[in-house]
Amino acid sequence: MTGGYHSGLAGLLDGRRLSPVQRRIAHYLSEHLDEAIFLSSVELAERSGVSQPSVTRFAMVLGFAGYPELRQALRPLVLGGPPEESLLHGAIDNEIRNLAAVRERLAGLPLKELGESLAATEPLPVLGLRVSCGLATTFAYYARRIHPEVRLLTHGGSELIEGLHAARRAGAEWLLAVVLPRYPAEVMHALEYAEKQGLRIAAICDKADFPAEVVLDAPVGDRLVFDSHAAPLTLAMALVEAMADAAPLRTQARLEEYERMADETGTFVTADPSDPA
C-alpha cells in the first residue's frame, strides 16, 4: 500500500476504539484498499472473515451512515482527484472494459441461433423482476416492433405463474429471462416452474454458468452504489437485431406498418421542438 493510502485510512481510524472483529476489517482494508473500494459489504465481510452486519457497524463506528458512504470516502484515497470525478471516471472506465469484454466474446455467443428461435416462438414471454424489469421492458418494447406477440412479465406472485402458464398454453416454446444481480428468489422459482411446463429458457445475465439452456452473459458495472448495465443492454439490443434478421420480410412489413401508424397518429414530434418557427 502506498503512503497516501495508509495515512488517509489512518486518519479515519485515528482515535477509534475498535472491537476485535472491527480490527479484522481495518486490517484487511489496510492491506487491500485498492481492491476493497470496489467490494460490496457482503464481499468485504467474506474477505475479512466477519459477518455483513459487522461491516455495517464498522462503518458507523467511523462516523458514516453505512458501508456505501464509507466506501465512497475511501475511493479517493486510491483513485485520487475530487471524489465525485474520480468515482464517475472509474465507473465509466469499468463499463468500457465490460463492453470490450463482450466485443471480444461476440463471435462465440449464440446470438444468431437464439434470435432465430425467439423469432419463431409465438407468443414470446419476456421475464424481468425488480432491477431487471427495466432491461426486460426495453427489450420487449423493441421486440414488439418486429414480433407478432411479446408478453412482458414484470410482476411477481401468482400473476407471474399465471402469465407463464398462459404463454405456454398459447404455444410459447421459449422464455427469455433477464436476471441481473441481485437475483430474486422468486425469479429462480419461476424459471423452475417454466421449465417444468416445457418452456425452453434463455437468459440475459451476468454469469456464464447461469442455469438456463442458452445464456447471453455480460458483466455489470459495480463501481457505483448501484450496478449499471451498459453491457447487458448492448447484448439485449444485439438479440433484437438477430431476431429482426431471422425474419427479414416480416420485420420489414411490421416496421413499415408501424411507421405508417406513427405518421397517421402524430406519435412523434417531427419538427425540432427548439425551433421557434
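Model, not experiment: these values are computed from the prediction.

Visitor: Would you mind showing me how to read unusual backbone geometry here?
Guide: Peptide bonds are trans in most cases, and residues, glycine excluded, mostly fall at negative phi. Look at the link from E122 to P123: it is a cis peptide, with omega at 5 degrees. Counting through the fold element by element, P123 comes out in the loop between helix 7 (111-120) and strand 1 (124-127). Cis geometry marks the peptide bond from P181 to R182, where omega comes out at 0 degrees. Considering the arrangement of structural elements, one finds R182 in the loop between strand 3 (174-179) and helix 10 (185-196). With phi around 55 degrees, R130 is a residue other than glycine that occupies positive phi space. A relative accessible area of 70% means that R130 is categorised as exposed.

Visitor: Help me understand the sheet that holds strand 3, please; the structure alone is not making it clear to me.
Guide: Two strands in a sheet stick together by hydrogen bonds in their backbones, pointing the same way (parallel) or opposite ways (antiparallel). Within the open sheet, the 5 strands sit side by side as 2-1-3-4-5. Their pairing is parallel. Either end of the sheet is taken by a strand with one partner, and the two such strands are strand 2 (150-153) and strand 5 (214-217). Put simply, the sheet's adjacent strands are angled 20 degrees from each other on average, direction ignored. Here 4 bridges tie strand 1 to strand 2, and the two strands are oriented parallel to one another. Among the inter-strand pairings, L124 is bridged to a residue of strand 2, identified as V150.

Visitor: Would you mind going over the pairing of strand 5 with me for this structure?
Guide: Consecutive side chains along a regular strand alternate between the two faces of the sheet. Of the two faces of strand 5, both are covered, the one formed by V214 and L216 as well as the one formed by V215 and D217. As paired elements, strand 4 (residues 200-205) and strand 5 share 4 bridges and run parallel to each other. Within strand 5, the position partnered with A203 by the bridge is V215.

Visitor: Explain the nonpolar core to me, please; I cannot follow it from the model alone.
Guide: The nonpolar side chains of a soluble globular protein tend to be buried, and buried together. One finds L114, L118, F139, I204, L216, L239 and M243 to be the most contacted residues of the largest nonpolar core, which totals 32 residues. For this core, the elements supplying multiple residues, two or more each, are helix 7, strand 1, helix 8 (133-146), strand 3, strand 4, strand 5 and helix 11 (230-246). The leading source of residues in this core is helix 11, at 7 residues. Excluding its chain neighbours within four sequence positions, the residues that come into contact with L114 are W174, A202, V214, L216 and L239. One finds L33, A45, V50 and V55 within the second-largest nonpolar core, a separate group that totals 23 residues.

What counts as what
Residues numbered from 1 in each chain as written. Predicted model: local features only at pLDDT ≥ 70, side-chain atom pairs only at ≥ 80, totals over all residues. Heavy atoms only, no water. Helix = DSSP H or I, 4+ residues; strand = E, 2+ residues; numbered from the N terminus. Buried < 20%, exposed > 50% of the residue type's maximum accessible area, 1.4 Å probe, protein only. Pairing = 2+ DSSP bridges. Axes fitted to C-alpha atoms, helices over the stretch in contact; angles between N-to-C directions. Core = buried A, V, L, I, M, F, W, Y, C linked by side-chain atoms within 4.5 Å. Contact = heavy atoms within 4.5 Å.

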